[in-house]
Each structure stands twice: as C-alpha cells, then as structure tokens.
Amino acid sequence: MAPRTRRMAFPKVLIERDTDSEQSSSSDDEDELEEEDEGPPSESEPEEEDSTKNGYGERIEEDLSLKKKGKAPITISLKKVCKVCKKPGHEAGFKGATYIDCPMKPCFLCKMPGHTTMTCPHRVAIEHGVIPAPRTSTHNTVEYVLQRQLRPRILPIKPAYVIPDQVCCAVIRYHSRRVTCLEFHPTKNNILLSGDKKGQVGVWDFDKVHERMVYQNIHTCIVNNMRFKSTNDGMVYAASSDGTISSTDLETGMSSSLMNLNPNGWQGPSNWRMLYGMDINSEKGVVLVADNFGFLYMVDTRSNSKIGEAILIHKKGSKVVGLHCNPVQPELLLSCGNDHFARIWDMRQLKAGSSLSDLAHKRVVNSAYFSPLSGSKILTTSQDNRLRIWDSIFGNLDSPSREIVHSHDFNRHLTPFRAEWDPKDPTESLAVIGRYMVENYNGAALHPIDFIDISTGQLVAEVMDPNITTISPVNKLHPRDDILASGSSRSLFIWRPKEKSEPVEKKDESKIIICGGAMKKRKGKFRGESDDDSEDDGCVSKGKNFQFKKAESKSAPRPRKVNK
DNA sequence: AGAATATGATTCC
DNA sequence: TGGAATCCCTATTC
C-alpha cells in the first residue's frame, strides 16, 4: 500500500538543518539548498531507507563527506522535500495551525492551477474564507432586472438571519463510528435521529442529554438516509448500504425490513447492492430508494410491496446518492449521483432516459435538494468544491444560476458534505454546509460550519467552537426552531443562537457528556477530559470539567504540531 | 510520538 | 472494460 517505489527514487540531496525553521523555510533558495550530487539514486536502494525519513518528508542522514575529511564533527543534515509532490525547494503541510499548500498542485479550494489557497481569489476575504463566484450567466433579462432593482433592496434585509452559533449540548462520541446522516423529528422538537457508518441509529432527546438511545440492530452497515413516515411520525425509514430499507418504530425499537436487495447474502462486490438516496412521496404513499448501480426502486408504504421494476435513472453501474421529492409538486422527483448529474423526473413517466432535465456537474454530486417552500430552486453540492443553485423560474436549467466556490472536498474517510436549506427561511436563500479546509483561528486549526446566502453567494456566518477540532460534514437545521445539529466524526452537537442560551460554562454541567466506549485509554484528550474516571460502560458525564471557551492563542485544544 | 489503518473517486494502462 | 495505483488540509488506535 505504501508508495515505497516513489520514495526510493528520490535524488539524494543534503541540506544543512537550520535550527530556526521559519527562516529556513523562507530562504530555501540560498546555499543551504546545496545539491551534493552523489549520483543517481540506485535502484537497489535498501528498504531501510524509509527509516531515515521522518513523517514530514525530511530525509535525515549522516553527512559522510564531512567524516572523510577527518576533523569536522559529524553533523546531521536534512533534506526537506514537499510531502505532497516530493520535490525539494518548498514544503507543504501544517505550520502550526495553518496549512501551507504545495505550489505544484492546483488550488485546494477552487481547483484551478497557478495559485494556492493562500492567494485564491475565492478566499481573498480572509475573515470569511469564502466569497461568491461570479455569476456564470448574466445575459438573462430577468436576472439583469433583478440585479438592478431588487438586489440593492434585498441586501440590507438579509442579515436578519438567526444563526445558531453556540454549542448548547453535545454527546462526544455518541456513535461508535462516524455519523452519516441526521434527521429531526417532524413533531417532537427535541428529538434528533442520527445514523452512523456501522448501521446504528441514535435517537437523542437533546433536552435530556443523558437519555441516549442507540439502536444497534437496524442495519449492518452505513445508514445513508432516514425519513419519517408522513402518516405516522413514530415510524422512520432508513436506507442502508446493507441493501435494505428498514422501518423502525421509535418507541419500541422494533424494526422490519421493507426491501432487501441482497436476499442471498454476499455474492461478491459486483453483486452486492447498496441503497443510498431515499425519500418519501407522501402523496402517493411511496418510498423511493436508489442503489449503487444506478437504479430506482419504489415501495408502497401501505402494502409494503415493491412497485414495478427497478428503473435506471443514472449511468449504469454508478451510485445514486440522493433522491428528493418536490415539496409542492408531488410529480417531481430529483436525483443525483456519481455520474456527475442531478436529474429531474416526472413521476408519471419514469423510465430510463425520460428525465425532464439533466443538471451537469464537473464531479460527483453529493446532494441535490429542492428549495423547501416553493420547490422552485435546486441546491446541489458537488465534489468539484462548488455549490450550485439552479432556478426553474428566474433561469433555465441548462446552467446553474449561481456557482459558489466552497471547500467541501471528497475524502474517503469523511461522510460526504451536503449543503442543506434552512427550512424556516421564507426567502429560501440560507444554506448550511460544513467546511473542509482548516482555518487558523488564533492558533487553533478549526473547520467551521458555514451559513451561506445562496442568493448572493456571501458567507453569512461561520460557526465553530475551539473544542471541535474535527470536520463536521453532516449538518441539519431544525424545521421550526433556531437550532443546528451537527455530526462531526462520532459526536453530535446541538447549536443555538448565543442570545437564547447562556454560556455553557454557567449552565447545567450535564449538557456535555462524553461517552466512554472504546475510548478508555485514549491519550489525545478532549479539553477537560480527565483520564482517571474512564468507566467505559455507557455515558459518563464530564460536564464539570468540560469548558467551552473562546478560541485563544494559548488555549488551543490539541493544536497542530508546530515545526521546530 | 509516530505508524498503521479504514477505504472511495479517479486516472491510467 | 477492469484492475491497480494514487491521493490529499482525516480520525483514531496502537
């Protein structure tokens, strides 16, 4: 697995190690970058070469040439190579809490070559990190009028958003694997459902933080999407990579399988079907799901029976990751997937190739959602680091009406990011999405959760907490209250606006709990977590030790290693 | 403190 | 077309 062959091909270049790392990194072109040119790298280089190389791409060797001359003391020399491109002359990686890009690679944010994220035009506003991309097409008359006449009036009104920006309660390590999806209960305001990579479903009353419930036997691997049954909000459906749709009674925990695409068990990876996108068409009483081979399935919720045959809605063999029914027009279905398309369908004429619209993207589309009230706009999240807004009224669907460059790269170890609408926003312009790229906030490397006004592309707010050093790819805004729920790694967080909740330090200590689980002897400590009382059964309240503080330069939690 | 590892889209041959 | 190599701003365990 290790790219050993590449490492062995390095030319041997020795550089005197400079005790002051900051100076050395900024003056690489001077004589310290002397090539000693000991000839080409030998192909038969022994494997132990790896042991002379530390984790930062530096090569440590004893300077033998000095030995030969006799008197000179043995000095340790380092060759500094970029750990990304393996070339000397520059270094990439963390310098403290700031990540330095490799200049040989395209910009990590906008993916364009020729610059790094430091100078990317899409993050010139340092305090925001994200600015709107220019409109792709402004030759539309309606848009022009909107720009001229409406925008000047709209802009001052926009900041009225209420942003949930302070953690009010949390369960650290709620799940035993990373969180993959979240869903608020449709009627009970304090109930949050969470699915994880292991197939477990959490039911959490975040007003009674300690009453943590995790159903372990609903699925056997990733829970990809959950939806409440519209006619009975005590029942929830979930689609999983185990190939089943589950139907679970939240009171009893009783779960049954609505559909199973792998009735004969494991028949090899090319036969194992996984369910990703799911939604409910309450009008028709149908659960819609889609698999990793491009097919859509429908199940009648009254008879629990499959309707018709599977329909190919995306490129054959490609994953369909998202399905969404239009909130206003029940005939309209939206799908998105790994074939780089989001597609709009008419439920009355569902067959392969009969989509009403194909929304083209440059990369995989992680999510596509109709706007929650009018259903006239579509918000997509694509792995090309762009959010796109497609407007069926003020624009055509041939091209997005706006593209917003935003850092939400794909990483196989992270749940894919999905931008979500604020269901409460009457103007249908507020979206929330976690950010991949780290920002250095007074010495702490943090990944904020961004609130973006999709009508202007502006970053309305970036929400973070110095205690949360992990990326938060899963976010959901409450359907009625000013609450944000976040899934970050295995933890769940509930955010509320500052003015509505007292600072957590003064609040009920039990609002933050840390679950033991497998983390008994964990060394990297969460702030305030003490090692002494690590009872690993159930939840352990660590509230009194756990303090939320403003990011301060001295008290950054688990800071990134600072080069010395 | 550093190594190992889990594991998916994409590219290349 | 299919399998191997590659990748990289992760999180966690050992």
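Residues numbered from 1 in each chain as written. Chains lettered and ligands numbered in written order. Predicted model: local features only at pLDDT ≥ 70, side-chain atom pairs only at ≥ 80, totals over all residues. Heavy atoms only, no water.

1. Observations regarding the UniProt feature "repeat: WD" (unreviewed entry) in chain A
Next, step 1: In the numbering used here, UniProt assigns the feature "repeat: WD" (unreviewed entry) to residues 172–214 and 358–391.
Next, step 2: The straight-line gap between the two end C-alpha atoms of residues 358–391 is 13 Å; of that span, 0% is helix and 62% is strand. (UniProt positions renumbered as here; feature names shortened; annotations may be inferred. Helix = DSSP H or I, 4+ residues; strand = E, 2+ residues; numbered from the N terminus.)

2. Re the side chain of Asp 279
Next, step 1: Examined against the element boundaries, Asp 279 turns out to sit in strand β15 (residues 275–281).
Next, step 2: Here Cys 325 takes part through its backbone nitrogen, which lies 2.6 Å from a polar atom of the side chain of Asp 279.
Next, step 3: Non-local contacts of Asp 279, meaning those with residues more than four positions away in its chain, are made with Arg 227, Val 286, Val 287, Leu 288, Leu 323, His 324 and Cys 325. (Polar contact = N/O pair within 3.5 Å; in protein donor to acceptor, adjacent residues only side chain to side chain. Contact = heavy atoms within 4.5 Å.)

3. Here we look at the state of the cysteines
Next, step 1: Summed over all chains, the structure comprises zero disulfides.
Next, step 2: No disulfide involves Cys 325; its sulfur sits 13 Å from the nearest other cysteine sulfur, which is in Cys 336.
Next, step 3: Given a relative accessible area of 9%, Cys 325 falls into the buried group. (Disulfide = S-S within 2.5 Å. Buried < 20%, exposed > 50% of the residue type's maximum accessible area, 1.4 Å probe, protein only.)

4. Re the sheet that holds strand β16 (residues 286–291)
Next, step 1: Taking strand neighbours across the sheet as the criterion, the four strands line up as β15-β16-β17-β18 in an open arrangement whose pairing is antiparallel. This sheet does not close on itself; its edge strands, each paired only once, are β15 and β18 (305–312). Between one strand axis and the next, the sheet turns through 20° on average, direction left out of account.
Next, step 2: Where strand β17 (residues 295–300) meets β18, five bridges bridge the pair, whose relative direction is antiparallel. Along β18, the bridge assignment pairs Leu 296 with Ile 311. (Pairing = 2+ DSSP bridges. Axes fitted to C-alpha atoms, helices over the stretch in contact; angles between N-to-C directions.)

5. Some details on the pattern of salt bridges
Next, step 1: With the rule as written, the count across this model stands at 20 salt bridges.
Next, step 2: Lys 111 serves as the salt-bridge partner of Asp 409, at 2.4 Å between the closest nitrogen and oxygen. Taken together, the positions of Asp 409 in the loop between β26 (402–405) and β27 (420–421) and Lys 111 in the loop between β5 (98–100) and α4 (141–157) put the pair 298 residues apart, joining distant regions of the chain.
Next, step 3: In this structure Lys 111 comes out as partly exposed when scored by relative accessible area, which is 32%.
Next, step 4: Lys 424 is paired through a salt bridge with Asp 422; the nearest N and O atoms lie 3.0 Å apart.
Next, step 5: The class of Lys 424 is partly exposed, set by a relative accessible area of 24%. (Salt bridge = Lys/Arg side-chain N within 4 Å of Asp/Glu carboxyl O.)

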